[in-house]
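Residues per chain are reported as follows:
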Amino acid sequence: MANIAKKVSWSSRGDDRGERTPLLNGAEDNKQFSGGSMFHVGRMSTVDLEEEITPEEDIVRSRLKEIPHNEKLLSLKYESLDYDNSENQLFLEEERRMSQMGFRCLEIRRWVICGLIGFLTGLIACFIDIVVEKLAGIKYFAVKQSIEKFTEMGGLSISLLLWAVLNSAFVMVGSICVAFIEPIASGSGIPQIKCYLNGVKVPRVVRLKTLVIKVIGVICSVAGGLAVGKEGPMIHSGAVVAAGVSQGRSTSLKKDFKMFEYFRRDTEKRDFVSAGAAAGVSAAFGAPVGGVLFSLEEGASFWNQMLTWRIFFASMISTFTLNFFLSIYHEKPGELSSPGLINFGRFDSDSVEYNLYELPLFIIMGALGGLLGALFNILNYWLTIFRIRYIHRPCLQVMEAMLVAAVTATVSFAMIYFSNDCQPLPSDSTEEYPLQLFCADGEYNSMATAFFNTPERSVRSLLHNPPGSYNPLTLGVFTLVYFLLAVWTYGLTVSAGVFIPSLLIGAAWGRLCGILLSYIASSKSIWADPGKYAFIGAAAQLGGIVRMTLSLTVILVEATGNVTYGFPIMLVLITAKIVGDYFIEGLYDIHIKLQSVPFLHWDAPPTSHWLTAREVMSSPVTCFNRMEKVGTIVDVLSITSTNHNGFPVVAHTTGDDEPGKLCGLILRSQLIVLLKHKVFLERATSRLQRKLQLKDFRDAYPRFPPIQSIHVSQDERECMMDLTEFMNPTPYTVPQETSLPRVFKLFRALGLRHLVVVDEENMVVGLVTRKDLARYHLGKHGLEELHLSQT
């Protein structure tokens, strides 16, 4: 069978900074290169992805300012992470020198790092909570005073203008920071962290600047009244904290504390990022166990038992830190009862009771949540494609965010203004900003409870306000309006999460279901508490959008403080996932696919057994000899059109066109360090090569310098380099007849970056990389292959 790999149009654009993030990364897929002492195997069929553009089409395209988007493309701008340790001589010598006590000390350091991750994540969560509370309080107080003043005098349009201006001002600050300073900080950050843990190197995703912009952005988004939450950015923030603390230095600040140097590699960093993501969930919801399960179910691709306990420890520290400092801030140092950054409030024992004959109703609500979640995802999918094509300039992105903020304020004001749902204001009311508007004295506008509040407080009121606090029309209108606003908001160039808007939408229609059931039932005592159905609806809606099951069950149970709901919530979430998956994927998977990320799922497509390693591998492969000429190495690394990251090392052969016998595998990053430190031999028979240690490679991690920054003189180009000591002499290999599912399982389970394909004589015939596997997926018409693109 002919090789069906595709050829793409290569770009020589690259990132001039230390960490190379080329627009098109050919590093994973080795293509042909001629010259030197390298060996090339096989050929690839070609498909030209570029089409000719007529003058008429060019005029139309320039007028629309459109960036084409095609779902059948897989982006080559993403590199892979090295989750497999390179067991070269340096690594093995270090490991063999280490005593049992040394390994125990390393394990203690891992626990210390996890504790620091939890502590710092909790501090960040506390800071976000306090600042959002202050800014939102100032905004709502000013608008409330204006509404009360102009309700009697007339001229409520001034209050509307004030509300819209304040919202737009906050959102403008956050959107400018994200669009112009650090675009990777937009959104919730969960898809990016999920990709990172899967083994995809997302540029700048765990940088210090990303963390700062993320925090500023989420504060401005929530204070600006957008239909967003704080939970996703907290997960991303925890991951960035983990990536920085575990390395014992900041490459952004160029500050090295000379700590934790052993953990400066992708394998260790991945585990700590998993702990950071879990600590973020724990700080957001007060759910340490839920944080661990979230990191396992939604994030981490690689897991072990000891990692589970370390992650749980980080989550516990995060929750405790947040609650401790919030209690001090609220001048209640003895009370640590606040469950987390997002407080649903506790359900008492009476309100959590349910009957077995209510379970079919909960399942129906789960199906409804799956349908509404699928609709949410479909609408957001098409909106995101529109944004990719037309709203790709930073100034347009900021303008759209400000427009959404102003429209949100306008719609909210209109809903409150035209609502006649007036409810008595109890003397012990917990409402933060009750609006009387046109209601009688002693009453408040219940629509304002939902709109004139932060989303977290609105969820709490829907879950805990007594029966009769809302009429059905108010809840129905609010559900429809907020659903559309949330669809429009998710994907803006702001830092924002989707958990709380989803919960708020579900709580609204869930409470509506509870009220309608109380009208239908002959005995109203069965349906006495609509808060119960608000909670079930919230779980169903969130499950229908993000498609999480086990972790979300535990998060909601921990956040509400009662396990009675555990079984019905699990039923609801499973139903919502089954129904939603029938129509479209979960929201995070959709956005990963829209970015054309080479994401590897748990298993290969079920109909892919007819493919073998020979059909999916990249070839020809650029190889090096054990003893290679420095000039040849420099020339290969300098080819920006391919930018390979892994090179098989082979025994010398007599002809350049013949495959070589595999001896090992060496990485671009290792060769860069060798060239930087001038590890050369004057002639092939010499053995006087400079000795390097693993510390030299760890000091350069993760931003290895580009080859263009390393000067090699003409005389040095004639020197030789012995790769034996630095290559991995035992790379993973597969025979060329191995089936795709078996190749996929080996590659995915071990977190590989390169998998060498050999023939029966151990000759290198190809190389399997992430993009070779990710381009096969199960489509509408069976097994489909994605094309490789530079965008």
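Everything below is about the structure printed above this text.
Here the structure is a predicted model, which means the values were calculated and not measured. (Residues numbered from 1 in each chain as written. Predicted model: local features only at pLDDT ≥ 70, side-chain atom pairs only at ≥ 80, totals over all residues. Heavy atoms only, no water.)

Considerations on a nonpolar patch on the surface
Alright, step 1. There is a patch of nonpolar side chains on the surface, built from Met172, Val173, Ile176, Phe180, Ile181, Leu208, Val212, Ile216 and Leu253 and spanning about 730 Å² of accessible area.
Alright, step 2. Those elements giving two or more residues to the nonpolar patch turn out to be α4 (156–181) and α6 (208–223).
Alright, step 3. With five residues, α4 is the largest single contributor of residues to the nonpolar patch.
Alright, step 4. By the secondary structure assignment, Val173 is in helix α4. (Patch = residues over 30% accessible without salt bridge, like charges linked within 9 Å, V, L, I, M, F, W, Y side chains within 5 Å. Areas by Shrake-Rupley, 256 points an atom, 1.4 Å probe, with all protein chains shown as cover. Salt bridge = Lys/Arg side-chain N within 4 Å of Asp/Glu carboxyl O. Helix = DSSP H or I, 4+ residues; strand = E, 2+ residues; numbered from the N terminus.)

Let's talk about the pairing of strand β15 (residues 764–768)
Alright, step 1. By the criterion of burial, β15 is predominantly enclosed, with five of the five residues buried.
Alright, step 2. Between the end of strand β14 (residues 755–758) and the start of β15, which pair antiparallel, lie five residues, with Asn762 showing a positive phi angle near 65°. (Buried < 20%, exposed > 50% of the residue type's maximum accessible area, 1.4 Å probe, protein only. Pairing = 2+ DSSP bridges.)

Some points on the environment of Leu396
Alright, step 1. Tracing the backbone shows Leu396 in helix α12 (residues 394–418).
Alright, step 2. Owing to a relative accessible area of 32%, Leu396 belongs among the partly exposed residues under this scheme.
Alright, step 3. In this structure the C-alpha to C-alpha distance between Leu396 and Thr493, which are 97 residues apart in sequence, comes to 9.8 Å.
Alright, step 4. Excluding anything up to four places from it in sequence, Leu396 contacts Tyr390 and Ile391. (Contact = heavy atoms within 4.5 Å.)

Describing the nonpolar core
Alright, step 1. Ranked by size, the top nonpolar core spans 138 residues in total, and within it Ile416 and Phe499 carry the most contacts.
Alright, step 2. No other element matches the 15 residues that helix α3 (residues 100–153) contributes to this core.
Alright, step 3. Those residues within four positions of Ile416 in sequence are excluded, and the remaining contacts are Trp163, Leu435, Leu437, Asn445, Met447, Ala448, Phe451 and Phe452.
Alright, step 4. Grouped together as the second largest cluster of nonpolar side chains are 33 residues, Phe91, Val649, Ile666 and Met727 included. (Core = buried A, V, L, I, M, F, W, Y, C linked by side-chain atoms within 4.5 Å.)

What to know about the packing of helix α5 (residues 190–198) against helix α20 (residues 587–594)
Alright, step 1. For the pair α5 and α20, the least separation of the axes is 9 Å and the interaxial angle reads 75°. Classified by the angle between their axes, α5 and α20 sit roughly perpendicular to one another. Judged by residue contacts, Ile190, Pro191, Lys194 and Cys195 of α5 engage Tyr588, Asp589 and Ile592 from α20.
Alright, step 2. Each residue belonging to the contact of α5 with α20 can be placed in one class, and the counts come to five nonpolar, no polar and two charged. (Axes fitted to C-alpha atoms, helices over the stretch in contact; angles between N-to-C directions. Parallel < 35°, antiparallel > 145°, perpendicular 65-115°, else oblique. Nonpolar A, V, L, I, M, F, W, Y, C, P; charged D, E, K, R; others polar.)

A short note on helix α18 (residues 550–560)
Alright, step 1. Where burial is concerned, most of α18 is hidden: 10 out of the 11 residues are buried.
Alright, step 2. Looking only at α18, the buried set comprises Ser551, Leu552, Thr553, Val554, Ile555, Leu556, Val557, Glu558, Ala559 and Thr560.
Alright, step 3. Looking at the residues trailing α18, positive phi occurs at Gly561, about 80°.

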